[in-house]
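So the chains spell out like this:
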Amino acid sequence: MHAQAPQARAGLPTIVVIPTRTPGGPDLSKDMGSLFETPLAKNTTVLPFESYRRAVLANGYLARDAADLAVIKAVGPLVGASHVVVVKGASVTESDRGRAVQVNVADVALISTAGETLYTTRRPLVGTRLTRSAALPVVAAISGKLATLPSAPSAATTVPDAVASVPVPPSVPETLPVEAVPPPPVSVKEPDPPVVLAHEPTFADDHRLAAPIAVDQAPTRRDVVDVEPTFEGRLGVLTLQRDGRVRSSGGRASYDGPLLATSMSFAYFPWAEQSRERASRGVGFYGEGYLTRASTDFRAGDTSSDSTVAGGEVGAAYRFALGETTRAPAIALQAGYAYATFPMSGLPFPSTRYSSAAVGFMLDIPLAKHFAAFAGGRFYPWMATSNDALGEKESLFAMRAELGLRAVIKRVELVVAGRLQQYNGRFSGVTNLVLASQLEDARLLDRYYGGIFSLGYVF
């Protein structure tokens, strides 16, 4: 249920005070009532921000976009607001005697719900608080600006005697029929695209007289890594240790050895730049693969095997943020197809070739301006193998876990990650391996663990 808005007073502007902040900026919402809403209510009708916020959500927008110009133009008239006052907490870099320092400020803007920016100013904060002495001149300037608008009340004047002596006609009897007049059709106008002016604003008494950049057009200064990029490509080295075991009640065959391969991966979200209310924004594609040449020696039999080892995975993903700030993690749900092969000949351990559908996720967590952590997992439920040397397959599945850290400077990305991947299989019947005696009803455990080091490009 929406909060009931106060009764609008005739001739007075109806406003909403919208608190917001940039990433890393101070939260000023607790000061809105005493510093803005109460003093502005003397000359305006102030609508509750909660009513406006609920209308924002009800119309398919995100709460964090409440101060965007397009949202103000679309939702403001629906709640009966003629103007909004946006109070944004921000952290900016200023020069102090040639040294860059971080300063907390409050950017205040008066915007009509038609999309016109009427007034902006910037006030310094004391720590993370906006003081009353800094807010009062801003409120006075906003009230003065509203008073000059056609809809604002004019100053009280004395009614001339000649006007006062004009007889007032009697009121219309209540019994007269009143014909209902249908309301005029409502035309919906698409929001105008934002226009960014290139010139600097002019100032008078520490107040901006013109706003070259509207509130939702100001560039966002990220204080953490962007975890929802459009494209991410990596090239690096995959180094793994293989620990393979084939067991049964009659014995076992094993494989131990390192694997060093070239690794490649990419993730592409072609609609990532769309607005957050569009579901297609999170749709994307991913792929990865590795390739190497491996030489395996079997000391007991004085034999060796040279083979091309490869693997790859392609699929689709859907990504979304787990919160409404730039510090919120992003998770991508993945579904695709995976293939891996490690052929060998003349050795007790069998050649392996796996293929399966794949489902998984990748969680990206921003940590700082240049660093983010990530964690992911894959499950391969219906693993197939083309090798019958282990007997008849009863079940074969695999899983993978990955944990890492990435550093992003400009658009260059450095990634360090650990990986564990394991295949588990059950087979019935007698094996056909290079063994003195064959195994019956074998169990396969094929494990890979190690790390990835790669260099990437992100935009």
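Cut-offs used in this document
- Residues numbered from 1 in each chain as written.
- Predicted model: local features only at pLDDT ≥ 70, side-chain atom pairs only at ≥ 80, totals over all residues.
- Heavy atoms only, no water.
- Buried < 20%, exposed > 50% of the residue type's maximum accessible area, 1.4 Å probe, protein only.
- Helix = DSSP H or I, 4+ residues; strand = E, 2+ residues; numbered from the N terminus.
- Pairing = 2+ DSSP bridges.
- Right-handed = clockwise from strand over helix to strand, strands pointing away.
- Axes fitted to C-alpha atoms, helices over the stretch in contact; angles between N-to-C directions.
- Parallel < 35°, antiparallel > 145°, perpendicular 65-115°, else oblique.
- Left-handed = near helix turned anticlockwise from the far one by under 90°.
- Contact = heavy atoms within 4.5 Å.
- Patch = residues over 30% accessible without salt bridge, like charges linked within 9 Å, V, L, I, M, F, W, Y side chains within 5 Å.
- Areas by Shrake-Rupley, 256 points an atom, 1.4 Å probe, with all protein chains shown as cover.
- Salt bridge = Lys/Arg side-chain N within 4 Å of Asp/Glu carboxyl O.
- Expected span 1.5 Å × (residues − 1).
- Arc of directions from axis to C-beta.
- Polar contact = N/O pair within 3.5 Å; in protein donor to acceptor, adjacent residues only side chain to side chain.
- Phe/Tyr/Trp six-rings, centres within 6.5 Å; stacked < 30°, edge-to-face > 60°.
- Lys NZ or Arg CZ within 6 Å of the ring centre and 35° of its normal.
- pLDDT = per-residue confidence, 0-100.
- Core = buried A, V, L, I, M, F, W, Y, C linked by side-chain atoms within 4.5 Å.

### Focus: the pairing of strand E1 (residues 14-21)
So, step 1. For E1, the buried fraction is high: 7 of the 8 residues fall into the buried class.
So, step 2. Across 3 bridges, E1 lies against strand E2 (residues 45-47) in parallel orientation. Its bridge partner lying in E2, Thr 14 is registered against Thr 45.
So, step 3. Between the parallel elements E1 and E2, the chain passes through helix H1 (residues 32-40) in a crossover that is right-handed.

### Section: the packing of H1 against helix H4 (residues 132-147)
Packed helices, taken two at a time, are described by the angle their axes make and the gap between the axes.
So, step 1. Interhelical geometry of H1 versus H4 gives an angle of 30 degrees and a closest axis separation of 10 Å. The orientation of H1 with respect to H4, classified from their angle, is roughly parallel. Here the hand of the crossing between H1 and H4 comes out right-handed. Across the interface between the two elements, Ser 34, Leu 35, Phe 36, Pro 39 and Leu 40 from H1 touch Arg 132, Ala 135, Val 138, Val 139, Ile 142 and Ser 143 from H4.

### As for a nonpolar patch on the surface
So, step 1. Among the surface-exposed residues, Tyr 318, Phe 320, Leu 322, Leu 333 and Phe 361 lie close enough to one another that they form a single nonpolar patch of about 430 Å² accessible area.
So, step 2. Relative to the helices and strands, Leu 322 is located in the loop between strand E11 (303-321) and strand E12 (330-342).

### Some words on unusual backbone geometry
So, step 1. The residue Lys 410 is not glycine, and still its phi comes out positive at about 60 degrees.
So, step 2. Positionally, Lys 410 belongs in the loop between strand E16 (392-409) and strand E17 (412-428).

### Overview of the environment of Ile 72
So, step 1. Here Ile 72 is to be found in helix H3 (residues 69-75).
So, step 2. Along the primary structure Ile 72 and Ala 114 are separated by 42 residues, whereas in three dimensions their C-alpha atoms are 8.2 Å apart.
So, step 3. If near-sequence neighbours (up to four positions away) are discounted, Ile 72 is found in contact with Ile 18, Tyr 52, Ala 66, Ala 67, Pro 77, Val 84, Val 86, Ile 111, Ser 112 and Thr 113.

### As for H4
So, step 1. A rise of 1.5 Å per residue sets the reference length of H4, with its 16 residues, at 22 Å; its end C-alpha atoms lie 22 Å apart and thus fit the reference within 8%.
So, step 2. Where H4 is concerned, the buried positions are Ala 134, Ala 135, Val 138, Val 139, Ile 142, Ser 143 and Leu 146. All buried residues of H4 fall inside an arc of 160 degrees around its axis, so they share one side.

### Structural notes on the side chain of Asp 243
So, step 1. For Asp 243, the position within the fold is in strand E8 (residues 231-248).
So, step 2. A distance of 2.8 Å separates polar atoms of two side chains, one belonging to Asp 243 and the other to Arg 245.
So, step 3. Look past the residues within four positions of Asp 243 in its chain and what remains in contact with it is Tyr 255, Asp 256, Leu 445, Asp 446, Arg 447 and Tyr 449.

### Here we look at the packing of aromatic side chains
So, step 1. Scanning the entire structure with this criterion turns up 10 aromatic pairs.
So, step 2. Geometrically, the ring pair formed by Phe 231 and Tyr 268 is edge-to-face, given 6.3 Å between the ring centres and 65 degrees between the ring planes. Placement of the pair is Phe 231 in strand E8 and Tyr 268 in strand E9 (residues 251-268), with a sequence separation of 37 residues.
So, step 3. On the accessibility criterion, Tyr 268 (35% relative accessible area) is partly exposed.
So, step 4. Three or more aromatic residues joined by ring pairs make a cluster, and in this case those are Phe 231, Tyr 268, Tyr 457 and Phe 459.
So, step 5. One cation-aromatic arrangement involves Arg 242 over Tyr 255; the distance from NZ or CZ to the ring centre is 4.9 Å.
So, step 6. Sitting over the ring of Phe 342, Arg 242 keeps its end group 4.3 Å from the ring centre.

### Concerning the confidence of the model for the chain
So, step 1. On average, residues of the chain score 83 in pLDDT, and 81% of them reach the 70 mark or higher.
So, step 2. The spread of mean pLDDT over the elements of the chain runs between helix H5 (residues 161-164), the lowest at 41, and strand E14 (residues 371-380), the highest at 97.
So, step 3. Within the model, the stretch residues 152-166 combines pLDDT values under 50 with 9 contacts to residues more than four positions away or in other chains.
So, step 4. pLDDT under 50 marks residues 193-221. Its contacts with residues more than four places away, or in other chains, come to 50 contacts.

### Some points on the nonpolar core
So, step 1. Counting 32 residues, the largest nonpolar core has Val 246, Phe 342, Tyr 354, Met 383, Tyr 423 and Leu 444 as its most contacted members.
So, step 2. Residue assignment for this core shows that the elements contributing at least two residues are E8, E9, strand E10 (283-298), E12, strand E13 (352-366), E16, E17 and strand E18 (443-458).
So, step 3. For this core, the element with the highest residue contribution is E9, accounting for 4 residues.
So, step 4. Residues contacting Val 246, with those up to four places away along its chain left out, are Gly 251, Arg 252, Ala 253, Phe 349, Pro 350, Leu 390, Leu 439, Ala 442, Arg 443 and Leu 444.
So, step 5. Counting residues in each nonpolar core, the second largest holds 24 residues, with Ile 15, Leu 28, Val 85 and Leu 125 among its members.

### Focus: helix H2 (residues 49-58)
So, step 1. Inspection of H2 places Phe 49, Ser 51, Tyr 52, Ala 55 and Val 56 among the buried residues, and these make up the whole buried set. Along the long axis of H2, the arc covered by the buried residues comes to 160 degrees, so they all point the same way.
So, step 2. On the buried face of H2, the contacting elements are E1, H1, E2 and H3.
So, step 3. Positioned one or two residues after H2, Gly 60 has a phi angle of 85 degrees, which is positive.

### Topic: the pairing of strand E4 (residues 99-112)
Moving residue by residue along a regular strand, the side chains alternate between the two faces of the sheet.
So, step 1. As defined by bridge partners, E4 adjoins strand E5 (residues 117-124) across 7 bridges and the pair is classed as antiparallel. Bridge pairing links Ala 109 to Thr 120 in E5.
So, step 2. Adjacent in sequence and paired antiparallel, E4 and E5 are bridged by 4 residues, among which Gly 115 carries a positive phi angle near 105 degrees.

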